[in-house]
Amino acid sequence: MTEKFIRLETSVVPLPVENVDTDQIIPARFLKATTRDGFGENLFRDWRYDANNQPVKSFVLNNHAYSGKILVSGKNFGSGSSREHAAWAIFDYGFRAVVSSFFADIFKNNALNNGLLPVQVSPDFLSKIFAEVEKNPNTNVCIDLEKQEISLQSTGEKESFEINQYKKTCLLNGYDDIDYLLSIKDEIDEYEKNEY
């Protein structure tokens, strides 16, 4: 069981960069661990820190004006090699959703399998989020998973998003694949009785 995702309203961290690949999200040299713990500290490591291991002041995760549980990124987020650790790092850092106008399929699936919600919006709506957050870093965004809707609290504008219905059920209930099977155990037992 993981944390249930039903509705999330929070300020956001804007990363208006396109083509963010999994090696930028979590560099390959940090992939030795086999558990999910501790990956957040190396999220965007090569962008967050310089060669002397000092924080890069211009990078958004080092800017205290921005915080929240939603990462908003440019088009084509999570491209590159298949790396489940990328979803682990984003989740371990404290994000519960990533918003972009396009996700690489493998990243999207890895995110959904690890309790992280990828919300794909239109390029126009993505631009509106960036514009509102630039005006006011405390701008809140609300993601309602039950309604499959994302809204900008400052303007009231909203947009619907798509999600696989099985993965939606899992997120709403905090299930992984095994938890889901256990939740329908009675139905499976009944089916087996009737089949044989």
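In the block above lies the structure referred to throughout.
This structure is a prediction, so every number in the text was calculated from the model and none was measured.

Scanning the protein chain from terminus to terminus reveals eight helices and seven strands. In terms of overall size, the protein chain behaves like a compact globule, its C-alpha atoms giving a radius of gyration of 18 Å where 196 residues would be expected to give roughly 16 Å. Along the first, second and third principal axes, the C-alpha set of the protein chain runs to 65 × 45 × 25 Å. Residue burial in the protein chain is summarised as follows: out of 196 residues, 44% are buried. Counting only contacts in the protein chain whose residues sit at least 6 apart along the sequence, the fraction spanning at least 24 positions is 64%. Entry remark: accessible area of the protein chain is about 10,600 Å², with carbon and sulfur atoms responsible for 47%. The distance from the centre of the 21 positive side-chain charges to the centre of the 30 negative ones in the protein chain is 5 Å.

Once that is clear, we can look at empty space enclosed by the protein. The final tally for this structure, using the stated rule, is one cavity of 30 Å³ or more. Counted as a void, the largest cavity has a volume near 30 Å³. Taken together, Thr22, Gly78, Gly80, Ser81, Ser82, Arg83, Ile106, Phe107 and Asn110 make up the full set of residues lining the largest cavity. In terms of residue count, the dominant contributor to the lining of the largest cavity is helix α4 (residues 105-113) (three residues). Here the lining of the largest cavity is built from residues that sort into two nonpolar, six polar and one charged.

Taken as a whole and judged by the stated rule, the model has eight salt bridges. When salt bridges with common partners are traced through the structure, they connect Asp124, Lys128 and Glu157 into a single cluster.

Attention shifts here to the sheet that holds strand β6 (residues 149-152). Judged by pairing direction, the sheet is mixed, and its seven strands sit side by side in the order β4-β3-β2-β1-β5-β6-β7 without closing on themselves. Whereas interior strands pair on both sides, the edge strands pair on one side only; in this sheet they are β4 (117-120) and β7 (158-160). Strand after strand, the sheet turns through a mean of 25° between neighbouring axes, direction not considered. In the sheet, strand β1 (residues 7-15) pairs with strand β2 (residues 70-73) via four bridges, with the strands oriented parallel. Each bridged residue has a counterpart across the sheet, and for Val12 the counterpart in β2 is Ile70.

It is worth spelling out helix α6 (residues 165-173) at this point. The complete set of buried residues in α6 reads Lys167, Lys168, Cys170, Leu171 and Leu172. The elements touched by buried residues of α6 are α4, β4 and α7 (177-183). Among the residues of α6, the N-terminal cap falls to Asn164, whose side-chain oxygen and the backbone nitrogen of Tyr166 are separated by 2.9 Å. Downstream of α6 by one or two residues, Gly174 has phi in the positive range, about 70°.

Both faces of β2 are covered, namely the face carrying Ile70 and Val72 and the face carrying Leu71 and Ser73. Where β2 meets strand β3 (residues 97-100), three bridges bridge the pair, whose relative direction is parallel. Considered in β3, the bridge of Val72 is made with Val99. Regarding topology, helix α3 (residues 84-93) serves as the crossover connection from β2 to the parallel β3, and that connection is right-handed.

Another point: the packing of aromatic side chains. Pairs of aromatic rings are described using the distance from one ring centre to the other and the angle between the two planes. Counted according to the given criterion, the structure contains eight aromatic pairs. Where Phe77 meets Phe107, the ring centres are 5.2 Å apart and the plane angle is 80°; that geometry is what we call edge-to-face. With Phe77 in the loop between β2 and α3 and Phe107 in helix α4, this pair connects stretches of sequence that are 30 residues apart. A single burial state applies to Phe77 and to Phe107, both of which are buried. Ring geometry for Tyr93 versus Phe95: centroids 5.4 Å apart, planes at 25°, classification stacked. In this structure an aromatic cluster arises from ring pairing among Phe44, Trp47 and Phe59. Just above the ring of Tyr49 sits the side chain of Arg45; from NZ or CZ to the centre is 4.3 Å.

Conventions we followed
- Residues numbered from 1 in each chain as written.
- Predicted model: local features only at pLDDT ≥ 70, side-chain atom pairs only at ≥ 80, totals over all residues.
- Heavy atoms only, no water.
- Helix = DSSP H or I, 4+ residues; strand = E, 2+ residues; numbered from the N terminus.
- Rg over C-alpha atoms; globule rule 2.2 N^0.38 Å.
- Buried < 20%, exposed > 50% of the residue type's maximum accessible area, 1.4 Å probe, protein only.
- Contact = heavy atoms within 4.5 Å.
- Areas by Shrake-Rupley, 256 points an atom, 1.4 Å probe, with all protein chains shown as cover.
- Lys, Arg positive; Asp, Glu negative; His and termini not counted.
- Charge placed at Lys NZ, Arg CZ, Asp CG, Glu CD.
- 1 Å grid on protein atoms, 1.4 Å probe; cavity = no way out; pocket = protein on both sides within 12 Å on 5 of 7 lines; lining within 4 Å.
- Points joined across faces, edges and corners; volume = space filled by probe spheres on them.
- Nonpolar A, V, L, I, M, F, W, Y, C, P; charged D, E, K, R; others polar.
- Salt bridge = Lys/Arg side-chain N within 4 Å of Asp/Glu carboxyl O.
- Pairing = 2+ DSSP bridges.
- Axes fitted to C-alpha atoms, helices over the stretch in contact; angles between N-to-C directions.
- Polar contact = N/O pair within 3.5 Å; in protein donor to acceptor, adjacent residues only side chain to side chain.
- Right-handed = clockwise from strand over helix to strand, strands pointing away.
- Phe/Tyr/Trp six-rings, centres within 6.5 Å; stacked < 30°, edge-to-face > 60°.
- Lys NZ or Arg CZ within 6 Å of the ring centre and 35° of its normal.

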